[in-house]
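# Analysis of the macromolecular model
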Amino acid sequence: MSAVSDRPPVARHHPSKESLRDRLPTFPWDKLEPYKKTAAAHPDGIVDLSVGTPVDPVPELIQKALIDAADSPGYPTVWGTPALRDAITGWLERRLGAREVTHRHVLPIVGSKELVAWLPTQLGLGPGDKVAHPRLAYPTYEVGARLARADHEVYDDPTTLDPTNLRLLWLNSPSNPTGKVLSKAELTRIVAWAREHGVLLFSDECYLELGWEADPVSVLHPDVNGGSYEGIVAVHSLSKRSNLAGYRAAFLAGDPAVLAPLLEIRKHGGMMTSAPTQAAVVAALGDDEHVRVQRERYAARRALLREALVHHGFRIEHSEASLYLWATRDESCWDTVAHLSDLGILVAPGDFYGPAGENFVRVALTATDERVKAAVERLKSR
């Protein structure tokens, strides 16, 4: 009689079967850790300008709305409350110039990053399908394609792409990382091209309210789309304009024929924004004053950092909008990262956003006034 082991069974690993993790690149930010330690050793402390995470307070009216909705024991809905949808449609018309926007044209999401990462999968894309994004871009566009096992390619001008099997085209204006803004004429041309070839266009417009030397325009504007939302969807976030990165609050707006299936999929997946966050978003979208105040903070920091970087020998390219300065000393981005870390300043290497950024660094404006002034003093003293 054979002995019976009381040990739990061992999970078997099948090396030939690709895991979800195997499809993903190395997480780029881990490479910055040694430079972060160097910067942190500065006698006056680190000035972290590497990640675009808000540091200023959440406006009081938004905090109050969140607190007032704290007693929310029931499940929220994926589509959001009618008040939330009213707030989104009202903001789209007031701020972006969109017309005839109904509840069917909007969909709340749990922050914009999860949408970017999982959109190709939720659209049913897979092997043989293509996802295209700018040559210099937020890395999660590529991650989303990889998660779906779809192909991905980059572009300088999307209208030069081969539209065969191109199922999803990402625009990003204002751009992360470069701050470049697509003009109304460029957007109009690209929307027309996408429609001509039956390509679904998603426009990431999360920095749209942060234009400095340009006035960014949405693909939802009738001058761009001809009064139709067919085949286009815009992505918007409250993380930057309202300091709500910790709330995970964003939304989609555009073609109901695209949003309706996404809504059903997201219902099954439980991708719902919390009820208190929904109430906070209603308050945030209904108030323009706190956005103006935050813009002034960023504008002041941007002016100081830009002048100091130029004084230090940097050249700034694009950067007409968003929360970053795209800067170069015409050397390897990692040499620049090392140089600045010796000054106690941490920035993001440009190659995080694609090989075309290998000689640039991205400098975020998201640090307190005190820390920005410290960075400026260090840059101007050398």
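It should be noted that the structure appears before, not after, this text.
Predicted model, so just to flag it, every value in this text is computed and none were measured. (Residues numbered from 1 in each chain as written. Predicted model: local features only at pLDDT ≥ 70, side-chain atom pairs only at ≥ 80, totals over all residues. Heavy atoms only, no water.)

### Observations concerning the nonpolar core
Ranked by size, the top nonpolar core spans 65 residues in total, and within it Leu49, Trp170, Phe202, Leu252 and Ile345 carry the most contacts. Per-element accounting of this core gives the leading share, five residues, to helix 12 (residues 369–380). Counting residues in each nonpolar core, the second largest holds 43 residues, with Ala87, Leu96, Val101 and Val217 among its members. (Core = buried A, V, L, I, M, F, W, Y, C linked by side-chain atoms within 4.5 Å. Buried < 20%, exposed > 50% of the residue type's maximum accessible area, 1.4 Å probe, protein only. Helix = DSSP H or I, 4+ residues; strand = E, 2+ residues; numbered from the N terminus.)

### Examining helix 12
The terminal C-alpha atoms of helix 12 lie 16 Å apart, and with 12 residues this matches the ideal 16 Å at 1.5 Å per residue to within 8%. Buried residues along helix 12 sit in contact with strand 1 (47–48), helix 10 (289–311), helix 11 (333–342) and strand 11 (345–346). (Expected span 1.5 Å × (residues − 1). Contact = heavy atoms within 4.5 Å.)

### A closer look at the packing of helix 10 against helix 12
Interaxial distance between helix 10 and helix 12 falls to 8 Å at its minimum, and their mutual angle equals 15°. As far as their axial angle goes, helix 12 and helix 10 are roughly parallel. Once helix 10 is placed against helix 12, the crossing between them reads as left-handed. Each of Arg301, Leu304, Leu305, Glu307, Ala308, Leu309 and His311 in helix 10 lies in contact with helix 12, whose residues at this interface are Asp369, Val372, Ala375, Val376, Leu379 and Lys380. (Axes fitted to C-alpha atoms, helices over the stretch in contact; angles between N-to-C directions. Parallel < 35°, antiparallel > 145°, perpendicular 65-115°, else oblique. Left-handed = near helix turned anticlockwise from the far one by under 90°.)

### A word on the layout of surface pockets
In this approach the atoms are scanned with a rolling probe the size of a water molecule, which exposes any empty space left behind. Here the largest pocket defines a volume of roughly 1,100 Å³. As for the largest pocket, its lining consists of 43 residues, and the residues nearest its centre are Trp29, Lys113, Tyr138, Pro139 and Thr140. Contributing elements (two or more residues each) for the lining of the largest pocket: helix 4 (112–122), helix 5 (140–147) and strand 4 (151–155). Of the residues in the lining of the largest pocket, the class split is 21 nonpolar, 12 polar and 10 charged. In this structure, the second largest pocket encloses a volume near 390 Å³. Forming the boundary of the second largest pocket are 18 residues, of which Pro134, Tyr155, Asp156, Lys180 and Leu182 lie nearest the centre. Those elements that provide at least two residues to the lining of the second largest pocket are strand 5 (166–172) and helix 6 (184–196). Sorting elements by how many residues they give to the lining of the second largest pocket places helix 6 first, with three residues. For the lining of the second largest pocket, a count of residues per class yields eight nonpolar, four polar and six charged. (1 Å grid on protein atoms, 1.4 Å probe; cavity = no way out; pocket = protein on both sides within 12 Å on 5 of 7 lines; lining within 4 Å. Points joined across faces, edges and corners; volume = space filled by probe spheres on them. Nonpolar A, V, L, I, M, F, W, Y, C, P; charged D, E, K, R; others polar.)

### Quick look at empty space enclosed by the protein
A full pass over the atoms with the stated rule returns two cavities of 30 Å³ or more. What the largest cavity holds in volume is close to 60 Å³. Around the largest cavity, the lining residues are Trp91, Glu205, Cys206, Leu208, Glu209, His236, Ser237, Leu238, Arg241, Phe251 and Leu285. Here the lining of the largest cavity is built from residues that sort into six nonpolar, two polar and three charged.

### Remarks on the pairing of strand 13 (residues 360–364)
In terms of burial, strand 13 is largely enclosed, as five of its five residues are buried. Relative to strand 13, strand 10 (residues 324–328) runs antiparallel, the two sharing five bridges. Counterpart to Tyr324 in the pairing with strand 13 is Ala364. Relative to strand 13, strand 12 (residues 348–349) is paired through two bridges, and the arrangement is antiparallel. In the sheet register, Pro349 faces strand 13, and the bridge partner there is Val361. (Pairing = 2+ DSSP bridges.)

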